[in-house]
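Residue-level structural notes
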Amino acid sequence: MREVTAADAVRDVLLRLRHSTHLLLGIAGPPASGKSTLAAEVADAASRSGISAVVVPMDGFHLAQSVLDARGLAGVKGAAETFDAAGFVALLRRIRAADSTVWAPAFDRALEDAVAGSIEVPPDVRLVVTEGNYLLDEAPPWRDIAPLLEETWYVRLDDDVRRARLVARHEAYGRTHDEAVARAYGTDEHNAVRIAASVHRADRVVLAPERS
C-alpha cells in the first residue's frame, strides 16, 4: 500500500481527472486526523483547475440527537451505531447513477444535528469527495461503501497530535477540559481503534500534515 503526502495525493487526483469524466473519492480516517480539511483541499484544487467538485461528508448521516437521547447513545455519538449507514450507502448509489441531482444532508456542529437537503450534487459534477470515519469498515452495511468508491484514502496522523486536536475541538464546543479529555481518550479512542483496523482496504495512505 502506498504512503504519500497530502500534496502528492491531491496532485495525483487532478492528473487522474485529466483522463476520466468523473471520480468518486472516499477519505477515511480516525477522528481529528484531518479528513475534512483534506477533502476541502482536494475539492478546492479541482475547482481551481476548472474541474467541478463537491464534498459530501458522512457526518450528514448522524442519527438525530433526539434519537440518540431516546436510545441511550448520546454518550457515544460518533460510534458506528450512531449513523444511518444504510442511508449513506443508498446516497452513494444515487450519486454513482448520476441520472439526476442528488441532495445530501450536512451536519451542523452548532445544532449538533444533521440538516437534510443541504448539499447539491449535480449529475454532471466530475469529482465527488466523501469523507468519514467508517468508509472502509468491514461490518455490514458499512462494507458496501468501499466498492462504490473509485478511489479510497486513509488519512494517517500522529496519534498524540490527533488526540490533542480532539481535546481542543471538544473544548471549542463547550466541554470542560476534563470532559474533553475523557471524550478524546474514551469514545473517540475506541472508534479510532476500530477505524485503524480497516486501513488495509484503502488504495493509499495519506500522511496528514501536523498542523492545527
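Read on for an overview of the structure. For clarity, every value in this text was computed on a predicted model and none was experimentally measured.

Here we come to the overall build of the chain. Check the secondary structure of the chain and you find 7 helices and 8 strands. Expected size for 212 residues packed as a compact globule is a radius of gyration near 17 Å; at 17 Å, the chain falls within 12% of this value. Taken along the three principal axes of its C-alpha coordinates, the chain extends 50 × 35 × 30 Å. Counting over 212 residues, the chain shows a buried share of 47%. Long-range pairs, those at least 24 residues apart, make up 73% of the contacts in the chain with a sequence separation of at least 6.

As a further point, take the nonpolar core. By size, the foremost hydrophobic cluster in this structure holds 33 residues, and its most contacted members are V56, V121, V128, W142 and I145. Where this core is concerned, the elements lending two or more residues are strand 2 (23–28), strand 3 (53–57), helix 4 (85–97), strand 4 (102–108) and strand 5 (113–121). Sort the elements by how many residues they give to this core and helix 4 lands first, with 6 residues. For V128, the contacting residues outside a window of four places in its chain are L23, L24, L25, V54, V56, I95 and V121.

Moving on: the side chain of H170. Tracing the backbone through its elements, the reader meets H170 in helix 5 (residues 159–172). On the accessibility criterion, H170 (8% relative accessible area) is buried.

The subject of this paragraph is the pattern of salt bridges. Per the counting criterion, the structure on display carries 14 salt bridges. Across the salt bridge formed by E151 and R204, the nearest N and O atoms sit 3.6 Å from each other. On the criterion of sequence distance, the pair formed by E151 in strand 7 (residues 151–156) and R204 in strand 8 (residues 204–207) is long-range, its members being 53 residues apart. Here R204 falls in the buried class, since its relative accessible area comes to 10%. One continuous salt-bridge network, built from bridges that share partners, spans D8, R11, D12, R16, E151 and R204.

This brings us to the pairing of strand 8. Bridge count between strand 1 (residues 2–5) and strand 8: 4 bridges; the pairing is parallel. Its bridge partner being in strand 8, R2 is matched across the sheet by R204. Looking at chain direction, strand 7 and strand 8 are connected through 4 bridges and run parallel. The residue of strand 8 that forms the bridge with V155 is V206.

Aromatic rings in a pair are described by how distant their centres are and how their planes are angled relative to each other. Going through the model one piece at a time under the given rule, you end up with 4 aromatic pairs. Pairing F83 with Y134 gives two aromatic rings, centres 6.0 Å apart and planes at 70°, and the pair type is edge-to-face. Of this pair, F83 sits in the loop between helix 3 (65–71) and helix 4 while Y134 sits in the loop between strand 6 (127–132) and strand 7; the two residues are 51 residues apart in sequence, bridging distant segments of the chain. Since its relative accessible area comes to 7%, F83 is described here as buried. You can call Y134 buried: its relative accessible area is 1%. Note on Y134 and W142: the rings are 5.3 Å apart at their centroids and 50° apart in plane angle, and the pair reads as tilted. We classify W142 as buried; its relative accessible area is 4%. Among the aromatic residues, those joined into a ring-pair cluster are F83, Y134 and W142.

Basis of the calculations
Residues numbered from 1 in each chain as written. Predicted model: local features only at pLDDT ≥ 70, side-chain atom pairs only at ≥ 80, totals over all residues. Heavy atoms only, no water. Helix = DSSP H or I, 4+ residues; strand = E, 2+ residues; numbered from the N terminus. Rg over C-alpha atoms; globule rule 2.2 N^0.38 Å. Buried < 20%, exposed > 50% of the residue type's maximum accessible area, 1.4 Å probe, protein only. Contact = heavy atoms within 4.5 Å. Core = buried A, V, L, I, M, F, W, Y, C linked by side-chain atoms within 4.5 Å. Salt bridge = Lys/Arg side-chain N within 4 Å of Asp/Glu carboxyl O. Pairing = 2+ DSSP bridges. Phe/Tyr/Trp six-rings, centres within 6.5 Å; stacked < 30°, edge-to-face > 60°.

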